[in-house]
Amino acid sequence: MDLSQIIGFVAGFGTTFAALPDLIAMLKRRSSVGMNPRMAAITGTFQILWVIYGVSIGSRNIVIWNVIAVLTNYLTVGAYMYFRRQEARS
């Protein structure tokens with residue numbers, strides 16, 4: 001593994017899991033308070049383009065990291081919607 005691959009791996013890891021703390025905090029609180037799902041939705045949408053780009057250039061690293069990131073971001077949006085509905089019922 002050369003330096004550029006190491007940098008790509010670390011960058012992919014960091015950007016992929018950047019949204020994870022928000023998701024974990026929301027799940028622990030079991031509340032959508034203080035969360036705004038727009039950023040996660042926008043980021044997830046553009047990461048789909050990164051997946052398409054990764055497939056087109058044959059880069060497994062780009063595809064894998066961005067598929068995980070898309071899932072994380074849309075799980076955040078889904079959790080927000082779920083908790084928002086629960087809060088509206090109470």
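Preceding this paragraph is the structure being described.
Bear in mind the structure is a predicted one, so any value in this text is a computation, not a measurement.

Trainee: Looking at this structure, how should I read the environment of Leu23?
Mentor: Mapped onto the elements, Leu23 comes out in helix α2 (residues 20-29). Between the C-alpha atoms of Leu23 and Thr76, which are 53 residues apart in sequence, the distance is 5.2 Å. Among residues more than four places away in sequence, those in contact with Leu23 are Thr72, Leu75, Thr76 and Ala79.

Trainee: Explain the side chain of Ser31 here, please?
Mentor: With respect to the helices and strands, the residue Ser31 is situated in the loop between α2 and α3 (38-57). At 3.1 Å, the side chain of Ser31 forms a polar contact with the backbone nitrogen of Val33. Ignoring any residue separated from it by four or fewer positions in sequence, one finds Ser31 in contact with Met26, Phe83 and Glu87.

Trainee: Where do I start with the nonpolar core in this structure?
Mentor: Membership of the largest hydrophobic core is limited to six residues, which are Leu23, Met26, Met35, Ala79, Tyr80 and Phe83. Going through the elements one at a time, α2 and α4 (60-89) are the ones with two or more residues in this core.

Trainee: Explanation requested: the environment of Pro37 in the structure shown.
Mentor: Turning to its location among the elements, Pro37 is positioned in the loop between α2 and α3. According to the relative accessible area criterion, Pro37 is buried, its value standing at 18%. Once the C-alpha coordinates of Pro37 and Tyr80 are considered, the two residues, 43 residues apart in sequence, prove to be 6.7 Å apart. Ignoring any residue separated from it by four or fewer positions in sequence, one finds Pro37 in contact with Val77 and Tyr80.

Trainee: Please explain the packing of α2 against α4 as it appears in this structure.
Mentor: Two numbers describe a pair of packed helices, the interaxial angle and the distance between the axes. Running from amino to carboxyl end, α2 crosses α4 at an angle of 25°, the nearest separation of the two axes being 9 Å. The angle between α2 and α4 places the two elements in the roughly parallel class. Relative to α4, the crossing made by α2 is left-handed. Side by side, α2 and α4 meet where Leu20, Leu23, Met26 and Leu27 of the first sit next to Thr72, Leu75, Thr76, Ala79, Tyr80 and Phe83 of the second. Looking at the contact of α2 with α4 residue by residue, the class counts come to eight nonpolar, two polar and no charged.

So, how was this worked out
- Residues numbered from 1 in each chain as written.
- Predicted model: local features only at pLDDT ≥ 70, side-chain atom pairs only at ≥ 80, totals over all residues.
- Heavy atoms only, no water.
- Helix = DSSP H or I, 4+ residues; strand = E, 2+ residues; numbered from the N terminus.
- Contact = heavy atoms within 4.5 Å.
- Polar contact = N/O pair within 3.5 Å; in protein donor to acceptor, adjacent residues only side chain to side chain.
- Core = buried A, V, L, I, M, F, W, Y, C linked by side-chain atoms within 4.5 Å.
- Buried < 20%, exposed > 50% of the residue type's maximum accessible area, 1.4 Å probe, protein only.
- Axes fitted to C-alpha atoms, helices over the stretch in contact; angles between N-to-C directions.
- Parallel < 35°, antiparallel > 145°, perpendicular 65-115°, else oblique.
- Left-handed = near helix turned anticlockwise from the far one by under 90°.
- Nonpolar A, V, L, I, M, F, W, Y, C, P; charged D, E, K, R; others polar.

By themselves, these figures tell us nothing about what the structure is for.
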